[in-house]
Structure formats: C-alpha cells, structure tokens
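Summary of the model geometry
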Amino acid sequence: MGPFDLLALEPPGWGGNLLRGLANSVQIAFGAFGLGLLIGTAGAYGKLYGGKITRDLLGLYTTIVRAVPELILILILYFAVTDLVNQMVLAMGGERIQISGVLAGIAVLGVVQGAYATEVLRGAILAVPPGQIEAARAMGMPPVKLAWRITLPAMLGFAIPGLANLWLIATKDTALLAVVGFNELTQETRQAAGATKAFFTFFLAAGAIYLVLTLVSSWGFARIEAWARRGEPRRSR
Amino acid sequence: MRGIWEPHRLVLAAIGAGLVIWCAVSLRWDWIPQYAGEMAQGVWRTIWLLVLSVAIGMTLAIPLGLAQAAGPWWLAAPARAFCTVVRGTPLLLQIWLLYYGLGTLFPQYPWIRNSDLWPILRQAWPYALLALSLSYAGYEGEVMRGAFKSVPPGQLEAARAMGVPRFTLFRRIWLPQAVQRVLPTLGGETVLQMKATPLVATITVVEIYEVASQVRRELLITYEPLLLLAAVYMALAGVIVLIFRWLENRVPQKRA
C-alpha cells in the first residue's frame, strides 16, 4: 500500500484512527486550557490580593508544578486522583470505578496549565495602569464587578500572547498522555505505525496535523489579540 | 526571601516537615539501598543527556537565530521553517519519528550496518540525544533571533566604524550582548528541557525516570518512586536556576 492508501479514512487505511485521536487531543487540550484559565485567574488574584498564607501556598504550587516534569505529575495526579475518588466511593458504599481517560487528562493537564496561567495572568494584571483600578474603587465599584468590567478587559491584551503560548503547550502536552496509554493522536499514530511498519508516513502525517493545529491557533490568537487591544491607542513603531 | 522567619511561614514549614516525616515513616523506602547504584547511574545519564543536548542545541541555535535576524532570505526562510516545525509538534512525536523512523530505515542499508558507527547507531541514546538537541535548537533559535535583534545597532555600527573584522565583531560584541540579554529566558528554557528528558525513557534509554519505572514494575508500588523522582527533578531544577543566576551575576548590569 502506498502512503495515501495507508492514510485513507476508511479501514484498511488509518486516517480515521488519526482523526479520532486528534478529536480526543483537541478535547483534552480545550478542557485543560479552560480549567487552567479558571485556576490561573483564581491563582493570580490570590497571589496579588490574598493573605500571606494564600500567597505562600500559591507560590509553592507554581514552583513545584513548574519544576517537576509533566509526565511525573500526570502519573502522580492520575493515581492519586483515582485513589481518592475510589476511596470516597467505597466509603459511601459504592463499587470501585475506573475514571475516564479524558476526564483524568483534563484534570491533570489543567492543574499543570493552572500554574503557568497563574504567572501569565498575574503579570498581565500588574501591567494594568493602577490608576484605572483605583478610580473604579474610588467610584465604589464592588470587587467582582471591578474585576469583570475593568481589570479583566484591560489586562486581556497583555495576557493573550502568554495564553497563546499556553494553549500551544496544552495541545502538545496532550501527547504525554500517550505514555499512560490514552488514545490521543500520538498514541493512535504509534499504533498505526507499529501495525503497518510505515513509521515515517504516520509520524510525518501526525506531525503535519499538529503543525496545522499550531498554525491555525496562532492565527486565531493573533486575531483575538487584535480584538482585545481594540481600545488601545495605536503605537507607532 | 525576606521574612523567612515570619510566624505563618514557620507554621507552614512545620506542616511541610510533618508531611515529609509522615512520608518517610509510613511509606515504603526499603528498596532504596537495593536500587541506589542504578538510580545514581540514571541521574548521571539524565544529567549528561541534558548537558550535551543543551550544548549541541545552543551551537545550532546561534546560527539559526543569526540567519533569521540578519541573514539573506534563502538562509532565513529555512531557519524559520525549522523553528516553526520543531515548536509546532510535540517532542514525544519527534523522538518517536527519529527512533522508529530512522531506526527502521538504517538497517535496510548494508553499508550502514557494516560501518564502524553501527554499534552506536544500534542503541537508543543517539536518537534521544539528537531529538533533544534539535528540539532545544528550535526553541532557542527563536529566542536567539530576538536576542540578536535586540542588540542596539549603534554597538555594531561603532565596531564597524573602528574597522573590527566581521567575525571578531560577532564574537566579541554581538554574541555576548545578545546572550546576556536572554540569559533569564535561556534559564527557563533549560528547566523546560530538563523536564523533557524523561520522554526518552519511552525509547528504552535508561535514565532516572526509567529506573523509577522499573522499581514500580518490580515492587508493585505506586507513589514512592514517583515522589522520589519529583524530588530529584526539583533538585535538578534548583541547580539549573542557581547556575543561570551565577551566569547572570557574572556580568554587572545597570538596573532601573
């Protein structure tokens, strides 16, 4: 079979498997990125405005997550989360359950993304001119409304480049779940390549898919950044 | 690091110490003496994979960055394409492409199998080192592009006006200033590179992560080797941060 027969969507081609893997990868990347944004926003506010203990604990979280390889965090968190959930279920008199790979992947990568997002968003919030926030406080704006109406929109332009990087890391980190046997794109690719011995064909095809994903996302984020900075004065440089 | 003796920090430190003691007492650590030799070898292998791949990667990244920052288009375009491809695909995929792809391609050629290099090419580590080096080169090529561009043009013009030869200008003026500007970034990237090394365990390179996996397989324990691994990598990350801080402080600079 030639390379294009191997990549055909219908069996005996393996293109369908690759696309299913891609769907899983994108799903996990989306989930992890979203969870990371939630954790990151909370973390950034905690680091900037929280009490001493909150700040120290968040510092520990970001330091540890950024120093330990994702692969090991994935394994530790995967086993720990499964154990915890099972113990809770057993304590409530239920049966042992198997956590779905997608959920575990989202949870684990989300915690990793959260640490990086905390730092990105903290930097972006600090870049907002303090006068704007002070003015809103002086007008008696409640904190949540202040965050929603003033801080978050104003910092978005500063945060987007960092967040774009994080999204690209999220899409590539989904490949790590292949090591724990989850059927995302890289794992499907390895299975297809192993079964057909056409290693170059499949790994290059998967590489092309990841590359297209990256390029499309970069273009998308450039558009989002232009939109987020729409109110800012143009810099002539 | 001011105020390390504040009361809440002492309480946190006490809780942390308590956790460590609890781990030491209630988890299983009796396997450590038995595997100590293999673990030391694994750490050593991780370290030299890291050091060599950073050295090779940086050697490649400098021309890649220079080509993009100041080269003619027929050098800049391929350099940019290389950086985009490396940064746009997962490292795990690159490692597997090189190992499984080249690994099945080479044996088909008898002259490669009969060459003196074959005993080396038959092993897994050359592919691991190649993949890690190319990855570092791709990311750092992009960093160096910005670095070369950020050196004030007046510096280069002054050197040219003094008649400094082109290579001396590069070696004595352009490169040092460019590298110094991006040292903090390079430090962060080197930590990321360290975090990428366990991926080579998937192509049978026995570094510290693979040793820990062996312990987990043979003794059927889950957490202990992983926790030890996390500690080892955190220590390595600390060392990298210290080395780069030392490098940064070697050059006095004006700070606002």
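Check the entry above for the structure.
Description of the structure in this document. (Residues numbered from 1 in each chain as written. Chains lettered and ligands numbered in written order. Predicted model: local features only at pLDDT ≥ 70, side-chain atom pairs only at ≥ 80, totals over all residues. Heavy atoms only, no water.)

1. Comments concerning the overall build of chain B
Condition: In DSSP terms, a helix is any run of H or I states spanning at least four residues, a strand is any run of E spanning at least two, and both are numbered starting from the N terminus. Only the C-alpha atoms count toward the radius of gyration. The rule for a globule is 2.2 Å times the residue count to the power 0.38. Each residue gets one of three labels from its accessible area relative to the maximum for its type: buried under 20%, exposed over 50%, partly exposed in between, using a 1.4 Å probe on protein chains only. Any two residues whose heavy atoms approach within 4.5 Å are treated as being in contact.
If you tally the helices and strands in chain B, you get twelve helices and zero strands. Start at the N end of chain B and walk to the C end: the helices and strands fall as α-α-α-α-α-α-α-α-α-α-α-α. Since a compact globule built from 256 residues should have a radius of gyration of about 18 Å, the 23 Å found for chain B marks it as more spread out than a globular shape. For chain B, the spread of C-alpha atoms along the principal axes amounts to about 70 × 65 × 30 Å. Put simply, chain B has 256 residues, and 41% of those count as buried. Within chain B, residue pairs in contact and separated by at least 24 positions form 78% of the contacts whose partners lie at least 6 positions apart.

2. Remarks on the nonpolar core
As a reminder, the rule being used: Side-chain atoms within 4.5 Å are what join buried Ala, Val, Leu, Ile, Met, Phe, Trp, Tyr and Cys residues into a set we call a nonpolar core.
Ile72 of chain A together with Ile95, Met144, Phe148, Tyr209, Leu229 and Tyr233 of chain B are the most contacted members of the largest nonpolar core, which has 123 residues in total. Residues contacting Tyr209 of chain B, with those up to four places away along its chain left out, are Leu71, Ile72, Leu75 and Val179 of chain A together with Pro198, Ala201, Leu229 and Tyr233 of chain B.

3. Concerning the pattern of salt bridges
Any two side chains of opposite charge can pair if their charged atoms end up close together. Rules: For this document, the term salt bridge refers to a Lys or Arg side-chain nitrogen within 4 Å of an Asp or Glu carboxyl oxygen.
Per the stated rule, a full pass over the model turns up nine salt bridges over all chains. Its salt-bridge partner being Glu6 of chain B, residue Lys52 of chain A comes within 3.1 Å of it at the nearest N-O pair. Remark: Glu6 of chain B occurs in the segment before helix H1 (7–26) and Lys52 of chain A occurs in helix H3 (residues 52–67); the pair is interchain, linking two chains. Of the charged contacts, one joins Asp30 of chain B and Arg28 of chain B as a salt bridge, the two residues approaching to 3.1 Å between their closest N and O atoms. A relative accessible area of 53% means that Asp30 of chain B is categorised as exposed. Using a relative accessible area of 37% as the deciding quantity, one classes Arg28 of chain B as partly exposed.

4. Looking at the side chain of Thr197 of chain B
For clarity, the threshold we go by: Here a polar contact means two N or O atoms within 3.5 Å. Within protein one must be a hydrogen donor candidate and the other an acceptor candidate, and residues neighboring in sequence count only if both atoms are side-chain atoms.
Mapped onto the secondary structure, Thr197 of chain B falls in the loop between helix H10 (183–196) and helix H11 (208–219). Among the polar contacts made by the side chain of Thr197 of chain B, one reaches the main-chain carbonyl oxygen of Met194 of chain B at a distance of 2.6 Å.

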